[in-house]
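Each chain is listed here by its residues.
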2 protein chains.
Amino acid sequence: MKIELEQVLPSQIEARSFEIIGRELEQMGKVLDPEQEPVIKRCIHTTADFEYADSLVFSDRAVEQGLKALKAGAHIVTDTRMGFSGVNKGRLEKLGGEALCFMADPDVAEIAAREGCTRATASMDKAAGLYGTGGPRERIPCIFAVGNAPTALVRLYELVTEGRLKPALIIGVPVGFVNVVQSKELILTLPDTPYIVARGRKGGSNVAAAICNALLYRI
Amino acid sequence: MKIELEQVLPSQIEARSFEIIGRELEQMGKVLDPEQEPVIKRCIHTTADFEYADSLVFSDRAVEQGLKALKAGAHIVTDTRMGFSGVNKGRLEKLGGEALCFMADPDVAEIAAREGCTRATASMDKAAGLYGTGGPRERIPCIFAVGNAPTALVRLYELVTEGRLKPALIIGVPVGFVNVVQSKELILTLPDTPYIVARGRKGGSNVAAAICNALLYRI
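Residues numbered from 1 in each chain as written. Chains lettered and ligands numbered in written order. Predicted model: local features only at pLDDT ≥ 70, side-chain atom pairs only at ≥ 80, totals over all residues. Heavy atoms only, no water.

Looking up chain A in an unreviewed UniProt entry gives the name Precorrin-8X methylmutase, with the organism given as Enterocloster lavalensis. As stated in UniProt under Sequence similarities (unreviewed entry), the record for chain A gives "Belongs to the CobH/CbiC family." A UniProt comment under Pathway (unreviewed entry) is attached to chain A, and it reads "Cofactor biosynthesis; adenosylcobalamin biosynthesis." (UniProt positions renumbered as here; feature names shortened; annotations may be inferred.)

Encoded structure:
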C-alpha cells in the first residue's frame, strides 16, 4: 500500500482542516447556527468527533455573552492544568484577561481533605471566594471552563443556585462515566446563566480549551 | 425530570469509572489483550469514546517495551504543552525520568521559520539532536508522545528510517484531518520500533497523556 501525504503548507493546515470539517458537515446535512458554528467546528477540529455537532447545547446568546465577557477582560478558571495549558493565553492577556487553575494549590488540597470532597469541588469554592458575591474580584467577569470534573460542575450549579456566584459563562464539558451526564443536565436547568454544554459523556480538557479559543479567535 | 447523582466517594470515582468501562466492553463482546487492556481502558476513560477498543494498534510487546524504558528512566517528549501537562510527572520523576516539550522553544520557532516546516517537525529534529545517534542523551531511552501534530509523526518516521533516531516507544495518536491517518499508517510500517497508534482520525494530547499514564500506573 502506498501512503500518500497531502501537500499542505504549515500555515494552511488549520484552514484546510476547517474546510474538510465544513464539507463533511454539509454532506451530513447539518445546518449550524452561524453564532455557534465556530465553536462547534473547533470542537470537531480538536477531537475529530462529529458528535459535537449534535451534543453541544448553547443557552440563549451564550456566544455573544462569552465574547462580551472576554472583551471586558474576563478571567478563565479551568478545572485541570491541561485545560489551562490549552487556552490561548496570549490572546486572553491581550484582552486584559487571565487564565487560572487552582487544582494544584495547597489550600485547595487541604480543603478537599478536610471536607471529603474532590479537589475540583474545592477549587470551585476557592474561585467563588474570589469571583463570587463580596469577593475581591467580584467585578471581573469569570468564565468557568470545566473539561474534566463533574464534581466541579455540580459545585458550580450549587454556588449559582445559592446566589453566591454569577459566572459570565459556564463551559460544561467534563468527560466520563460517574455523574458526568447528570452534572451537565444540572447546568442546563440554570435559567439565567450563560452556558455551553456538551451533553452526554463526552468532552474533555481539550474540548474546554477549544471552546475558549473558538471564542478568543472571534475577537 | 429529576436529576439524581450517584453517590461515590472522591477516592472511588476512578475505580467506579473503570468498572463501568469494563462492564460495557464486556456487553459489547470485546475481549482485550491483558497487556493492552489498561492502556485501552484509560484511553476510553479519558475520552468516553469506546472506538479506542478497536482503533488502538500495538506493535508486538509494545507495552512491555514501554514499561522497560520507563523503569530505566525514560524521558517522554510530547508535541504539545497540553500533552506535557497531562503526563503524571511525579510518577515519571520517581523513576528517574523527565517530561519535555520543545514546542515553545525559541530555537524551534527559528528552525521552523527557516525551513518552512511546522514547529512540531522542528521540535522532533531538536529531540533527535539530543536523543538520536551521537546526541548527548543517546543513552537515555526516549518515548515520543504525539497527540496533536501529524507532521511530528511524519518527521519521526523519517528520522527512524534514516537511522538517526531509535525511540523506545512511539505513541502516535495525533488528531485531525490533514495527513493524520497517513502519518499513523507510516508508523505502522516501521519494523523495529515499538509503537502504540490510534488508527484513524481520532486521538489527542489527552489520549497521548493517558497512554503515558496507563504505562506509568502499571509500575
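Asker: Mind showing me how you'd approach the pattern of salt bridges here?
Answerer: Close approach of charged atoms lets side chains of opposite charge pair. Considering all chains together, one arrives at 35 salt bridges over all chains under this definition. Of the charged contacts in the structure, one is a salt bridge between Arg114 of chain B and Glu115 of chain B, with a shortest N-O distance of 4.0 Å. A relative accessible area of 53% places Glu115 of chain B in the exposed class. One salt-bridge network, held together by shared partners, links Asp49, Glu51 and Lys202 of chain A together with Asp49, Glu51 and Lys202 of chain B. (Salt bridge = Lys/Arg side-chain N within 4 Å of Asp/Glu carboxyl O. Buried < 20%, exposed > 50% of the residue type's maximum accessible area, 1.4 Å probe, protein only.)

Asker: I would appreciate a short explanation of the pairing of strand β5 (residues 169-172) of chain B in the present structure.
Answerer: If a strand is regular, its side chains alternate between the two faces of the sheet. Residues and elements named next belong to chain B. Taking every second residue as pointing to the same face, both faces of β5 are buried, with Leu169 and Ile171 on one and Ile170 and Gly172 on the other. Note: strand β4 (residues 142-146) against β5, four bridges, orientation parallel. Within β5, the position partnered with Phe144 by the bridge is Ile170. At this point the chain moves from β4, through helix α9 (residues 150-161), to the parallel β5, and the crossover so formed is right-handed. Of the strand pairs in this sheet, β5 and strand β6 (residues 195-198) are connected by three bridges, and their pairing is parallel. Counterpart to Gly172 in the pairing with β6 is Val197. Traced from β5 through helix α10 (residues 180-188) to β6, the parallel crossover comes out right-handed. (Helix = DSSP H or I, 4+ residues; strand = E, 2+ residues; numbered from the N terminus. Pairing = 2+ DSSP bridges. Right-handed = clockwise from strand over helix to strand, strands pointing away.)

Asker: What am I meant to see in the packing of aromatic side chains here?
Answerer: Overall, the coordinates contain two aromatic pairs over all chains when judged by the stated rule. Its end group placed over the ring of Phe84 of chain A, Lys89 of chain A keeps NZ or CZ at 4.5 Å from the ring centre. (Phe/Tyr/Trp six-rings, centres within 6.5 Å; stacked < 30°, edge-to-face > 60°. Lys NZ or Arg CZ within 6 Å of the ring centre and 35° of its normal.)

Asker: Would you mind going over the relation of the copies chain B and chain A with me for this structure?
Answerer: Both copies of the chain are related by a screw-like operation: a rotation about an axis and a shift along it. Under the fitted operation, chain B is carried onto chain A by 0.0 Å of movement along the axis and a turn of 180°, and the coordinates agree to an RMSD of 0.0 Å. Such a combination of rotation and displacement between the chain copies is what one expects of a two-fold axis. Ranked by how close their C-alpha atoms come to the rotation axis, the residues of chain B are headed by Met82 of chain B, at 2.5 Å. Most of the interface of chain B is mirrored in chain A, where 100% of its interface residues again form contacts. (Least-squares fit on C-alpha atoms with pLDDT ≥ 70 in both. Contact = heavy atoms within 4.5 Å.)

Asker: Teacher, can you tell me more about the interface of chain B and chain A here?
Answerer: As a measure of interface size, the accessible area lost when the parts come together is often cited. Each partner contributes to the interface: chain B provides 42 residues, whereas chain A provides 42 residues. Carbon and sulfur atoms supply 71% of the area buried between chain B and chain A, which totals about 3400 Å² over both sides. It is Met82, Phe177 and Val178 of chain B that lose the most area in chain B upon contact with chain A, and together they represent 21% of the buried surface on that side. There are four salt bridges connecting chain B and chain A. Our enumeration of links across chain B and chain A arrives at eight residue pairs in polar contact (both at pLDDT 80 or more). Where the side of chain B that touches chain A is concerned, the elements lending two or more residues are α1 (13-27), α2 (37-47), α5 (81-86), α9, α10 and α11 (205-216) of chain B. (Buried area = accessible area lost by both parts, 1.4 Å probe. Polar contact = N/O pair within 3.5 Å; in protein donor to acceptor, adjacent residues only side chain to side chain.)

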